[in-house]
Every structure is written in structure tokens, then in C-alpha cells.
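Given next are the chains, with one letter for each unit.
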Amino acid sequence: QVRLVESGGGLVQAGGSLRLSCAASGTFFRINDMGWYRQAPGKQRELVAVITSGGSTNYADSVRGRFAISRDNAKNTVYLQMNSLKPEDTAVYYCNTRALTLQFQWYEYWGQGTQVTVSS
């Protein structure tokens with residue numbers, strides 16, 4: 001079982017910055033890709049950014065150049081540095097990963113979500 005705990009959300013003015021963190025804990029062999037998704041009211045959940053275990057990254061077009069994803073493999077932690085925030089970035093942000101369990105099966109896990117609110 002893997003538990004993802006997010007932190008770092010909050011209220012910020014447009015143009016400001018926030019840093020999200022997500023730590024994976026539990027019993028597993030390894031963590032695969034780690035990513036951030038977000039869901040705004042009335043909208044579907046969408047991918048924000050993802051990073052592989054090797055450090056390759058991919059971003060949604062809407063955040064490329066403003067957000068940066070990184071990870072610390074030793075701590076099983078992924079970060080999302082969000083700069084130049086816009087009101088349209090307001091959403092609940094969810095951490096996501098796939099982990100290889102002790103039963104040698106891959107499972108997908110989600111964090112509980114952290115609210116990010118950007119005021120204009």
C-alpha cells in the first residue's frame with residue numbers, strides 16, 4: 001500500500017508563486033512516474049506535469065514555462081514549483097504515481113488533493 005501526502009497549497013495573488021510537495025510512503029519496491037493533476041470546479045481532471053524516475057519531464061501547454069516539476073528519488077517525493085500564477089490555475093491539485101507493490105503488481109495511487117487558489 002502506498003500513501004501520497006501533499007502539501008503546499010494555499011491562496012496567492014496573480015503573479016505569485018507556490019511550491020507543492022508530495023511524499024510517497026508505505027511498502028513497495030519502487031515508484032515509477034510521478035505527476036501532478038488538477039481539477040477546477042465543473043471541469044475534468046487534467047494532467048499538469050509528469051516526471052519519470054529518470055528525470056524526464058512533460059508539461060501541459062498551459063503551464064509550460066511557468067511550472068517546474070522535480071523529484072527526490074531518495075525521499076520518494078515530487079515537487080511542483082508554480083510561478084507566474086494565473087487565476088485560471090485555481091484548482092485542486094492531485095499527486096499521482098504508479099508503484100510496484102510487494103506482490104509484484106503495479107498500482108496507481110492518488111493523493112487527497114491540495115487546494116490552490118489564485119486571486120486576480
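Predicted model only: the values in this text are computed from it and were never measured.

### Focus on the overall build of the chain
Tallying secondary structure elements over the chain gives zero helices and eleven strands in all. Secondary structure elements in the chain, listed N-terminal to C-terminal, are β-β-β-β-β-β-β-β-β-β-β. Over its C-alpha atoms the chain spans a radius of gyration of 14 Å, differing by no more than 12% from the 14 Å that the globule rule assigns to 120 residues. Seen along its three principal axes, the alpha-carbon backbone of the chain occupies a region of about 50 × 25 × 20 Å. A burial count over the chain gives 41% of its 120 residues as buried. Total accessible area on the chain stands at roughly 6,400 Å², and carbon and sulfur atoms take up 47% of it. Computing the positive centroid from 12 side-chain charges and the negative centroid from 8, the chain places the two 3 Å apart.

### Notes on the state of the cysteines
Under the definition given, this model contains one disulfide. Shown here is the disulfide that connects Cys22 with Cys95, its sulfur atoms set 2.1 Å apart. Across the S-S bond linking Cys22 and Cys95, the dihedral sits near -85°, which makes this disulfide left-handed. Linking Cys22 in strand β3 (residues 18–26) with Cys95 in strand β9 (residues 91–100), this pair joins segments that are 73 residues apart in sequence.

### Considerations on the side chain of Arg38
For Arg38, the position within the fold is in strand β4 (residues 30–39). A polar side-chain atom of Arg38 sits 2.7 Å from a polar atom in the side chain of Glu46. Engagement of the side chain of Arg38 in a polar contact is seen with the side chain of Tyr93, the distance being 2.9 Å. Sequence-distant contacts of Arg38, that is, excluding residues within four places in its chain, are made with Gln44, Arg45, Glu46, Val48, Ser62, Val63, Phe67, Glu88, Asp89, Ala91, Val92 and Tyr93.

### Structural notes on the pattern of salt bridges
Counted under the stated rule, the structure contains four salt bridges. Glu46 is the salt-bridge partner of Arg38, the closest N and O atoms lying 2.7 Å from each other. The residue Arg38 makes a salt bridge to Asp89 at a minimum N-O spacing of 3.0 Å. With Arg38 in strand β4 and Asp89 in the loop between β8 (77–82) and β9, this residue pair connects regions lying 51 residues apart in the sequence. Relative accessible area serves as the criterion here: at 1%, Asp89 is assigned to the buried category. A single salt-bridge network, built from bridges that share partners, covers Arg38, Glu46, Arg66 and Asp89.

Basis of the calculations
Residues numbered from 1 in each chain as written. Predicted model: local features only at pLDDT ≥ 70, side-chain atom pairs only at ≥ 80, totals over all residues. Heavy atoms only, no water. Helix = DSSP H or I, 4+ residues; strand = E, 2+ residues; numbered from the N terminus. Rg over C-alpha atoms; globule rule 2.2 N^0.38 Å. Buried < 20%, exposed > 50% of the residue type's maximum accessible area, 1.4 Å probe, protein only. Areas by Shrake-Rupley, 256 points an atom, 1.4 Å probe, with all protein chains shown as cover. Lys, Arg positive; Asp, Glu negative; His and termini not counted. Charge placed at Lys NZ, Arg CZ, Asp CG, Glu CD. Disulfide = S-S within 2.5 Å. Polar contact = N/O pair within 3.5 Å; in protein donor to acceptor, adjacent residues only side chain to side chain. Contact = heavy atoms within 4.5 Å. Salt bridge = Lys/Arg side-chain N within 4 Å of Asp/Glu carboxyl O.

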